[in-house]
Each structure stands twice: as C-alpha cells, then as structure tokens.
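What the coordinates show
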Amino acid sequence: MTAVSDPALVRGLQERAARAMPAERVEPARGWWLRHAPDGAWWTGTVLPHAGTDPEDLAERITGAERFHTARGTVARFQITPGACPGELDASLAGRGYRRHGSLALMAAPAARVRSGVPEGAPRVLVEGRPAPAWLRVRGAAHGPGADLRAERATLARVRAPSAYACALAGDEVVAVGRAVADTGWAGVFGLATLPRARGGGAARAVLAALAAWAEEQGAGRMYLQVEEDNTPAVRLYGRAGFVRVRGYHYRSAR
C-alpha cells in the first residue's frame, strides 16, 4: 500500500478514530465536531474542524468553539490536519495565542499485510470482545505506576462499533495488549502496549496480526492507526507490519 493524501480519506479516518475514542458529548457545528470529554484524555475532547469555511467566517467559527468549551470548563483545542481542515485555521489560531503541540502521523495498511509476517516464536494471542481485567492491567502499566484507568473505561464503554481486545500471552501472563474498532471497511488500532520485559520478543507484532485477522472477519480490509512521530520504536514496528504514513497532523490549544 502506498502513501495516500486524499483529504476526504484523511478526514474519514480521523472521524472513524473519533468514533473509536468517543467523547461524552459531540455537538455538530456546520460540519465541525465540537467534542467534550471531561473523563477522558484531552485529545478525545478536541475540535475536529473538518468542514471548509470562508476566511471571513473563520473567526466566528473559532469563537463558537471557544464558547462551547468555556461553557463546560474545558480548554479549547483543535486538531489541525493540513488539507483536511481550513487552510487558514492554523495561522488564525496561532494569531489568537494558541500553542502548537503534538506531532503525530496517521498511518494505514492492508489488513492482509499486517496479518502476515509474525516472527517465529511470538506469543500466542487471545482476542475477546470486551476488555478483560488483565487487558486493563497491562494498559495501566503502560501509563505508569498508579495510573487511573477510570477515564479509559468510561471511554471504552461509549464505543458502539464492533471492537476486539487482544492479549499476547507468555505462559499464562498477559504481556502485550491492543484493541481494534471496525468501522465501514476500516479497522483502527488503539492502545497497543507491551510490558518492558517482553519488548523485542514479537508480542506487539503478534497483537497487530491478531487484530488484522479479526478485522478481515469484520469485512475491514484496511487498517489505520495514529502514532507520535518521535516515537521511533513504534514507528519502526508499524512500518515493519506494513503501515505507511498517510498524513501528519498536530494540535493547537488555548493558553
């Protein structure tokens, strides 16, 4: 699969991701998605400004999004994807004092490619329709000691699309996890995490392959994911699994 840059495809993938990590409240605003997620990660509550707008109308649209967040006691944040949102938006937000942060890549791959090439000796993987306690424990370990997973549980409970939760096992111990959400021919990959002592043994790659097999069973022949561009080990892992970079994006947050 070669890299693609069709704005409609990029918008579609990011909107699928937003449904796979759903906010508590989503308010349509002439094509923009205003999202509120008091119990979730900050990016779950970012504005998706995917509809085009006239430059003269842009300031009013931004102000409306700011009012939405102010009314709910949250900071206004925008997901900025070149080509998938108004071209003047990034500069307009910078002019209003919004800080830029996060440098992420949207990546995609054929599910059949991801399913193949699992290293010999990789752990076996169990795939279930709900997050088991062990799945959540490994996710918590990825967040660090004392991680509070109540927000993640609340977010996962809001997902309505078919979902798979994969656990890679070393003996009876879960050492790596990940999940996938199928949505209109695509499956998004989220929450991939490996315990430090199991890294380098093919556990993460085995999780990806198991999720790809599940995706094909759901009629989702293509997969996507989002990764921080400076996370070199993750980018390398996904590249070896067949994912290619589709588009980079970043965020703007009010100060």
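Everything that follows concerns the structure shown earlier in this document.
Structure report, in brief. Bear in mind that the values here come from a model prediction, so they are computed numbers and not experimental data. (Residues numbered from 1 in each chain as written. Predicted model: local features only at pLDDT ≥ 70, side-chain atom pairs only at ≥ 80, totals over all residues. Heavy atoms only, no water.)

**A short note on the pattern of salt bridges**
Charged atoms that come close allow side chains of opposite charge to pair. This is how it is decided: Every case where a carboxyl oxygen of Asp or Glu lies within 4 Å of a side-chain nitrogen of Lys or Arg is listed as a salt bridge. What counts as a helix is a DSSP run of H or I of at least four residues, what counts as a strand is a run of E of at least two, and both are numbered from the N terminus. Per-residue accessibility, obtained with a 1.4 Å probe over protein chains only, is compared with the maximum for each type, and a residue is labelled buried under 20%, exposed over 50%, and partly exposed between these values.
Going through the model one piece at a time under the given rule, you end up with 11 salt bridges. A salt bridge links Arg19 to Asp183; the nearest nitrogen and oxygen atoms lie 2.8 Å apart. In this pair, Arg19 sits in helix H1 (residues 7–20) while Asp183 sits in strand S7 (residues 173–183), placing the two residues 164 residues apart along the sequence. Of the residues examined, Asp183 reaches a relative accessible area of 14% and is grouped as buried. Between Arg139 and Glu152 there is a salt bridge; the shortest N-O distance is 3.1 Å. Taken together, the residues Arg139 in helix H5 (residues 133–143) and Glu152 in helix H6 (residues 150–157) connect sequence positions 13 residues apart. The two residues Arg139 and Glu152 agree in class, both being buried. One network of salt bridges, in which partners are shared, links Arg25, Glu27 and Arg72.

**Quick notes on the sheet that holds strand S8 (residues 186–194)**
We apply this condition: A pair of strands counts as paired when DSSP detects no fewer than two bridges linking them. Fitting a line to C-alpha atoms yields each axis, with helices limited to the stretch in contact; the angle taken between N-to-C directions then spans 0 to 180 degrees.
Strand order in the open sheet formed by eight strands is S3-S10-S4-S9-S8-S7-S6-S5, with mixed pairing between adjacent strands. Strands with a single pairing partner mark the edges of an open sheet, and in this sheet they are strand S3 (77–80) and strand S5 (124–128). Within this sheet the neighbouring strands show an average axis-to-axis angle of 25 degrees, counted without direction. The sheet contact formed by strand S6 (residues 163–170) and S7 spans eight bridges and is antiparallel.

**What about the packing of helix H7 (residues 203–217) against helix H8 (residues 232–241)?**
Between two packed helices, what matters for the description is the angle formed by their axes and the separation of those axes. Put simply, the test is: Roughly parallel means an angle under 35 degrees; roughly antiparallel means over 145; roughly perpendicular covers 65 to 115; every other angle is labelled oblique. Should the near helix be turned anticlockwise from the far one by less than a right angle, the crossing is termed left-handed; should it be turned clockwise, right-handed. Throughout, a residue-residue contact means that at least one pair of heavy atoms, one from each residue, lies within 4.5 Å. Three classes are used: nonpolar for Ala, Val, Leu, Ile, Met, Phe, Trp, Tyr, Cys and Pro, charged for Asp, Glu, Lys and Arg, and polar for all others, with Gly counted as polar.
Between H7 and H8, whose axes approach to 11 Å, the crossing angle comes to 50 degrees. The angle between the axes of H7 and H8 places the two elements in the oblique class. Read as a crossing pair, H7 and H8 show a hand that is right-handed. Across the interface between the two elements, Ala204, Arg205 and Leu208 of H7 pack against Leu237, Tyr238 and Ala241 of H8. By residue class, the composition of the contact of H7 with H8 is five nonpolar, no polar and one charged.

**Details of the packing of aromatic side chains**
How two aromatic rings sit relative to each other is given by the distance of their centres and the angle of their planes. What counts here: Each Phe, Tyr or Trp ring, with Trp reduced to its six-membered ring, pairs with another whose centre is within 6.5 Å; inter-plane angles below 30 degrees give stacked pairs, above 60 give edge-to-face pairs, and intermediate values give tilted ones. Charge-over-ring placement is defined geometrically: NZ (Lys) or CZ (Arg) within 6 Å of the ring centre, and within 35 degrees of the ring normal.
Under the defined criterion, the tally for this structure stands at eight aromatic pairs. With a centroid separation of 4.9 Å and 80 degrees between ring planes, the pair formed by Trp42 and Tyr251 is classed as edge-to-face. One end of the pair, Trp42, is in the loop between strand S2 (32–36) and helix H2 (55–70); the other, Tyr251, is in strand S10 (residues 244–253), and 209 residues separate them in sequence. By relative accessible area, which is 36% here, Trp42 ends up partly exposed. Pairing Trp186 with Tyr224 gives two aromatic rings, centres 6.4 Å apart and planes at 65 degrees, and the pair type is edge-to-face. Highlighted residues: Trp186 in strand S8 and Tyr224 in strand S9 (residues 222–228), separated in sequence by 38 residues. Judged by relative accessible area, which is 1%, Tyr224 ranks as buried. Taken together through their ring pairs, the aromatic side chains of Trp32, Phe78 and Tyr98 make up a single cluster. Above the face of the Trp32 ring, Arg61 is positioned so that its terminal group lies 4.4 Å from the ring centre.

**Here we look at H1**
Here is the rule: To estimate how far a helix should reach, multiply one less than its number of residues by 1.5 Å.
Spanning 14 residues, H1 covers 20 Å between terminal C-alpha atoms, matching the ideal 20 Å at 1.5 Å per step. Of all the 14 residues making up H1, 10 are buried; the element is thus mostly covered by neighbouring parts of the structure. Leu9, Val10, Gly12, Leu13, Gln14, Glu15, Arg16, Ala17, Ala18 and Ala20 are the residues of H1 that are buried.

**Description of the pairing of S7**
A large share of S7 lies buried, amounting to 10 of its 11 residues. With antiparallel pairing between neighbouring strands as the criterion, S6 and S7 make up a hairpin whose turn holds two residues, including Gly171 at a positive phi of roughly 70 degrees. In textbook terms, the turn of a hairpin is the stretch between consecutive antiparallel strands, and for S7 and S8 this stretch comprises two residues, one of which, Thr184, has a positive phi near 50 degrees.

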